[in-house]
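Below are the chains, spelled out letter by letter.
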Amino acid sequence: MKAKIALVALAAIVPFCQQRIDAALGEHRATEEALYIWSGSYVKRLSPGFENVMADLYWLRTVQYFGGQRVFAKEKRYDLLEPLTQITVTLDPRFEIAYQYGAIFLAEPWPRGADRAEKSVALLKQGAEATGSWRLRQLEGYFTLIFLHDARKAAEILLEASKMPGAAYWLKTLAADTLARAGDRELARRIWLNMYEQSDPGAIRANAEFNLKALQSLDDRDDLQEAVIAFEAETRRRPRSLRELPEVRTGKLRVMDPVGVPYEYDETSGLVSVSQKSSLWRRPREHL
Amino acid sequence: MGRARLNRVLAVAANTFRESVRERVLYNLLFFAVVLTLSSLVLKQLSLRQDEKIVKDVGLAAMDFFGTLIAVFIGVGLVSKEIERRSLYPLLAKPLSRDEFFVGKFLGLAFTLLVNTAVMTAGLAVTLLATGRAFDPGLLKGIIPIYLGLMLTVAIALFFSTVTSAAVAAIGTLCLCIAGRYSDILLHMKADLGAAGGVVQFLYYVLPNFRNFDLKSQVVYGDPVAWSIVGQIGGYALVYTAVVMIAGALAFRARDFV
């Protein structure tokens, strides 16, 4: 009888203990990741004949690690992202999706990604050489322009991509435009739109869509800024809020950015900006 | 004479097949292989649009890995268990030569593995269908070499089984299988070793080259694999298996069962 009472009493305590742990550590928490073998060559040597399936396992771990850090971790760190991706592509050098997604995970600015644009571009270069894929070379060109801000190099890479077998016919024009219009928002929009249209539904498309929204927020901000200047010229005072603008009242301009966060307006300076609370906010150079 | 001999060999093979399918280890390993293949259905959710590649990779790797374990762990017991249980003596007292017994054992397990490989292939096809994809016949060019590698493994296991106990035979066979998968290292070592390169080259040709049977990556990526390549791999497997079987048969003939 005593044993039964103890069983019921102790069983009742288990959920209580779990609640305490969840309260302390968070209900969803990223586990502390450890990588015991850092070299892809060693893993390859340890799995003769099973390299591809090991590459799949490492790729799954890469995706889980990135997702765990991005969604659940309180202090987002992506230290293992690059070695995990490298191990994956060393085990299976033709794993094209690992190069593509790995590069996106690495390039995106913190906290959305690892903020390691050089590593990302190097990974894409390695992938283009290993697979002969013009799409990876094209992505390398895009990332060189968008994240490394090197228009000349980006144009060279896009031109090289255009010469690869099966490459899209418009790559040559894009290479020329990249050189002529570096820093131009329209060019950036064209690049992200290309990535959006070329990708299947999934993370790459979602990332392109996000960046298109970020560019849209910059356009909206500029329109609002012009409207503020016009309002001031007409009334000889600054609007008290953006809602006072006639274009906003008539619905021509929006006061919310594409993710639903209001644009910020400072009456003293008359400046309109994308809110730092918005996921679309970035440091000035990160957009192009 | 020829037909009678063939009938005796087939009778031993049929008995070996019946005996193998009663082994619990066979079902355990087969179960794990099929479950692993089906589990790739879950893994595909986490793979970012790589479901087809992962299903194929896992299915082929399961065939290779579990097939090897079945070949080794059932193969090493085929002759040694008969000796340990002394059930071999009444058999050899019958009009059945040692060679016929030895070849019959090999064919019996080879047929068991053929059935296993067919079951695992069916498991892979079902898993692919579950992901909305048809079974690619090109995968057979990867599966046939896996089966040929398993034949060679059975021959090696049988050879060890005739000369030593089941435990030592299992270790010996596994060591050779693993060493055979590293044969590319031997090939690269040759250039670095200078005069000693000859020894390495000798080892390269003597050890069974299990790398030959690995076309998994090529078939998963849909590379064109000519049937002539599969034929050459078949030729290598046939010749090497024959060599090991003859060596095993000679060792079996020479054994004194007193």
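Look a little higher up for the structure.
Residues numbered from 1 in each chain as written. Chains lettered and ligands numbered in written order. Predicted model: local features only at pLDDT ≥ 70, side-chain atom pairs only at ≥ 80, totals over all residues. Heavy atoms only, no water.

K.L.:
Just give me the short version of the overall build of chain A, but keep the residues and values in it.
P.N.:
Assigned secondary structure in chain A consists of 12 helices and 2 strands. Shown N-terminal to C-terminal, the secondary structure of chain A runs as helices and strands in the order α-α-α-α-α-α-α-α-α-α-α-α-β-β. Radius of gyration (C-alpha) of chain A: 25 Å, far over the 19 Å computed for a compact globule of 288 residues. Each principal axis of the C-alpha distribution contributes one length, and for chain A these read about 85 × 65 × 25 Å. Per element, the accessible surface of chain A, about 15,500 Å² overall, is 56% carbon and sulfur. Chain A carries 41 positive and 39 negative side-chain charges, and their two centres are separated by 3 Å. (Helix = DSSP H or I, 4+ residues; strand = E, 2+ residues; numbered from the N terminus. Rg over C-alpha atoms; globule rule 2.2 N^0.38 Å. Areas by Shrake-Rupley, 256 points an atom, 1.4 Å probe, with all protein chains shown as cover. Lys, Arg positive; Asp, Glu negative; His and termini not counted. Charge placed at Lys NZ, Arg CZ, Asp CG, Glu CD.)

K.L.:
So what about the packing of aromatic side chains? Which residues, and what values?
P.N.:
Tallied over the full model, the rule gives 16 aromatic pairs over all chains. Consider the rings of Phe143 of chain A and Phe147 of chain A, whose centres lie 5.0 Å apart with planes at 85°: the pair is edge-to-face. With a centroid separation of 4.9 Å and an interplanar angle of 65°, the aromatic rings of Phe17 of chain B and Phe111 of chain B are classed as edge-to-face. Residue Phe17 of chain B is located in helix α1 (residues 2-21), and its partner Phe111 of chain B is located in helix α5 (residues 98-130); the two are separated by 94 residues in the primary sequence. (Phe/Tyr/Trp six-rings, centres within 6.5 Å; stacked < 30°, edge-to-face > 60°.)

K.L.:
An account of the nonpolar core is needed here, citing residue identities and associated values.
P.N.:
If you look at the biggest cluster of nonpolar residues, it comprises 71 residues, and the most contacted ones within it are Tyr142, Phe143 and Leu242 of chain A. Aside from chain neighbours lying at most four places away, what touches Phe143 of chain A is Ala103, Ile104, Ala107, Ser120, Val121, Leu124, Leu148 and Met195 of chain A. Ranked by size, the runner-up nonpolar core spans 61 residues in total, among them Ile146, Val154, Ala157 and Phe160 of chain B. (Core = buried A, V, L, I, M, F, W, Y, C linked by side-chain atoms within 4.5 Å. Buried < 20%, exposed > 50% of the residue type's maximum accessible area, 1.4 Å probe, protein only. Contact = heavy atoms within 4.5 Å.)

K.L.:
Before we move on, could you go through the interface of chain B and chain A and cite the residues and values that matter?
P.N.:
Quite often, the size of an interface is put as the accessible area lost when its parts meet. The partner chain A presents 22 residues to the 24 residues of chain B that form the contact. Overall, the association of chain B and chain A removes approximately 2,100 Å² of surface from exposure, summing both partners, and the carbon and sulfur fraction of that is 56%. Here chain B and chain A share 5 salt bridges between them. Between Asp184 of chain B and Arg45 of chain A there is a salt bridge whose closest N-O contact spans 3.2 Å. (Buried area = accessible area lost by both parts, 1.4 Å probe. Salt bridge = Lys/Arg side-chain N within 4 Å of Asp/Glu carboxyl O.)

K.L.:
Residue-level account of helix α8 (residues 183-193) of chain B, with values.
P.N.:
Listed as buried for α8 of chain B are Ser183, Asp184 and Leu186 of chain B. Taken around the axis of α8 of chain B, the buried residues stretch over an arc of 165°, which confines them to a single face. Along α8 of chain B, the residues that are exposed and aim more than 90 degrees away from the buried face are His188, Ala191 and Asp192 of chain B. Residues of α8 of chain B that are buried sit in contact with α2 (40-46) of chain A together with α7 (166-181) and α9 (197-206) of chain B. Downstream of α8 of chain B by one or two residues, Gly194 of chain B has phi in the positive range, about 65°. (Arc of directions from axis to C-beta.)

K.L.:
Tell me about the packing of helix α3 (residues 51-84) of chain B against helix α6 (residues 140-163) of chain B, residues and numbers included.
P.N.:
All names here are of chain B. Relative to each other, α3 and α6 sit at 25°, their axes nearing to 8 Å. One way to sum up the angle between α3 and α6 is to call them roughly parallel. When the axes of α3 and α6 are compared, the crossing they make is right-handed. Grouping the constituent residues of the contact of α3 with α6 by class yields 13 nonpolar, 8 polar and 1 charged. (Axes fitted to C-alpha atoms, helices over the stretch in contact; angles between N-to-C directions. Parallel < 35°, antiparallel > 145°, perpendicular 65-115°, else oblique. Left-handed = near helix turned anticlockwise from the far one by under 90°. Nonpolar A, V, L, I, M, F, W, Y, C, P; charged D, E, K, R; others polar.)

K.L.:
Got a sec to walk through unusual backbone geometry? Specific residues and values, please.
P.N.:
A cis geometry characterises the amide bond from Trp110 of chain A onward to Pro111 of chain A, with omega recorded as 10°. Within the secondary structure, Pro111 of chain A is located in the loop between α5 (96-107) and α6 (117-131). Residues other than glycine seldom take positive phi values, yet Asp115 of chain A does so here, at roughly 60°. You can see Asp115 of chain A is positioned in the loop between α5 and α6. Judged by its relative accessible area of 39%, Asp115 of chain A is partly exposed. Its identity as a non-glycine residue notwithstanding, Arg86 of chain B has a phi of 60°, on the positive side. The residue Arg86 of chain B is located in the loop between α3 and α4 (88-93) in this model. Given the relative accessible area of 53%, Arg86 of chain B is considered exposed.

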